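Geometric and topological summary
Each chain, written out:
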Amino acid sequence: MSEEIMDLTGMRCPIPVLKARKRIKTLEAGAKVIIHATDPGAERDFPAFCESQGHKLLSSRWDGDTLILEIEKG
């Protein structure tokens, strides 16, 4: 399966989730996306996005002021 990194740092809500949704739609099921975001709301927004869209949030961790999320397309 493919894996892609999206740098969404510096973007404010709701832009990170909207950009991620647009890109994930183009991928095949099972593809993984690593997202880097700095918006504090991303920690809440991405789990809700994954749940509502049927994707798996594989991991979520902070590295300094950057949130790194790993999502598998459902």
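The notes below deal with the structure included here. For every chain, the first residue of its written sequence is number 1, and the numbers climb from 1 along that sequence. Reporting of local features is limited, given that this is a predicted model, to residues whose pLDDT is at least 70; pairs of side-chain atoms are given and counted only at 80 or more, and all residues count toward the totals for whole chains, interfaces and linings. The side-chain numbers reported here are obtained from all heavy atoms of the structure, hydrogens and water having been left aside.

It is worth spelling out the sheet that holds strand E4 (residues 66–72) at this point. A sheet is described by the order of its strands in space; here four strands give the open sequence E1-E2-E4-E3, paired in mixed fashion. Each of the sheet's edge strands pairs with one partner strand only, and the pair in question is strand E1 (3–8) and strand E3 (56–63). For this sheet the average axis-to-axis angle between neighbouring strands, irrespective of direction, equals 15 degrees. Note: two strands are recorded as paired if DSSP finds a minimum of 2 bridges between them. Per the convention used, a helix needs a DSSP run of H or I reaching at least four residues, while a strand needs a run of E reaching at least two, with both numbered from the N terminus. One ladder, built from six bridges, connects strand E2 (residues 32–37) with E4; its direction is antiparallel. Looking at E4, one finds that Lys32 is bridged to Glu72. Should any heavy atoms of two residues lie within 4.5 Å, those residues are counted as being in contact. Between N-to-C directions, angles span 0 to 180 degrees; the directions come from axes that are lines fitted to C-alpha atoms, helices contributing only their stretch in contact. Each of E1, E2 and E4 touches helix H1 (residues 15–25); the most contacted strand, E1, lies at about 155 degrees to it. Sheet strands in contact with helix H2 (residues 42–53) are E1, E2, E3 and E4, and its direction is about 5 degrees off that of E4.

Let us now look at the pattern of salt bridges. In what follows, salt bridge is the name for a side-chain nitrogen of Lys or Arg lying within 4 Å of a carboxyl oxygen of Asp or Glu. Inspection of every chain in the model, using the stated rule, returns three salt bridges. Between Arg23 and Glu4 there is a salt bridge whose closest N-O contact spans 2.7 Å. Of this pair, Arg23 sits in helix H1 while Glu4 is found in strand E1, placing the two residues 19 residues apart along the sequence. By relative accessible area, Glu4 is classed as partly exposed at 21%. Arg44 is the salt-bridge partner of Asp45, the closest N and O atoms lying 3.6 Å from each other. On the basis of relative accessibility, which here comes to 19%, the residue Asp45 falls in the buried class. Buried, partly exposed and exposed residues are distinguished by accessible area as a fraction of the type maximum, computed with a 1.4 Å probe on protein chains only: under 20%, between the cut-offs, and over 50%, respectively.

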